[in-house]
Amino acid sequence: ICEYLEDAFPEAPPLMPRDPLGKWQTRYWQKYVDDYLAAAVSDLAWDALGDRRLAAQGASSAPTPERRTVWLEHAEPFPADRLDKAREYAAQATAMLEDALGKGSWLAGEAFTLADIAMASWVGYLPQAVPAALGPAARDWLARVFARPGFAAALGEGRAADPFTLAAPGPEATRWG
């Protein structure tokens, strides 16, 4: 979707680097989010912030058997090994963030890119879900991302003052396995 928007609105400031290395780095971070971070953070956010009563209600109105199963699964505490694995992925992600940000201001170099958008959309939950997870470079980066006018405007359109204090069972269990 982000790359579509990049192509559909060429007059907007570019979010995909033009150089091959920058493009690869951006796509690498996006793939990392899709394959590892999103599902892990979804579990951690739900465990820390979710309302299990809503899960039971959601199961009763789920449109498909798969979504019903996901909602019912979220009505009970997650097994410890599932949360341990999610914490492991979160720790790996934050170590990667610290390393990347030690080399540049943003994840794919010196410009804000789709990589920063993809990662911030999930890393934004970690201060609430796993408070000790973020290092100083990642905390500074996240504050800079959230201070950007477009990000601040988008976050301000939510139903909560800070959408990263709320969690709902996402599509991750049926989307990622």
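A quick note: this is a predicted structure, and the numbers were derived from the prediction, not measured.

A. Expanded view of the side chain of D43. Relative to the assigned elements, D43 resides in helix α2 (residues 20-49). A relative accessible area of 11% places D43 in the buried class. Discounting residues that sit within four places of it in the chain, D43 has contacts with F78, R82, L83 and A86.

B. The environment of E11, seen in detail. Along the chain, E11 falls in the loop between α1 (2-8) and α2. Residue class for E11 comes out exposed when judged on its relative accessible area of 63%. Placed 16 residues apart in sequence, E11 and R27 show a C-alpha to C-alpha distance of 21 Å.

C. Examining the confidence of the model for the protein chain more closely. Per-chain confidence: the protein chain averages 88 in pLDDT, with 95% of residues scoring 70 or above. Of all secondary-structure elements in the protein chain, the lowest mean pLDDT belongs to helix α10 (residues 172-175), at 49, while helix α8 (residues 136-147) reaches the highest, 96.

D. Focus on the nonpolar core. Residues L107, M119, V123, L126 and W141 are the most contacted members of the largest nonpolar core, which totals 50 residues. Of all the secondary structure elements, the ones that give two or more residues to this core are α2, α3 (52-61), α5 (80-101), α6 (114-123), α7 (126-129), α8 and α9 (149-156). Among the elements that make up this core, the one with the highest residue count is α2 (ten residues). Beyond its immediate stretch of four places on either side in the chain, L126 contacts V41, L44, A90, T94, P131, A133 and L134.

Thresholds, definitions, all that
- Residues numbered from 1 in each chain as written.
- Predicted model: local features only at pLDDT ≥ 70, side-chain atom pairs only at ≥ 80, totals over all residues.
- Heavy atoms only, no water.
- Helix = DSSP H or I, 4+ residues; strand = E, 2+ residues; numbered from the N terminus.
- Buried < 20%, exposed > 50% of the residue type's maximum accessible area, 1.4 Å probe, protein only.
- Contact = heavy atoms within 4.5 Å.
- pLDDT = per-residue confidence, 0-100.
- Core = buried A, V, L, I, M, F, W, Y, C linked by side-chain atoms within 4.5 Å.

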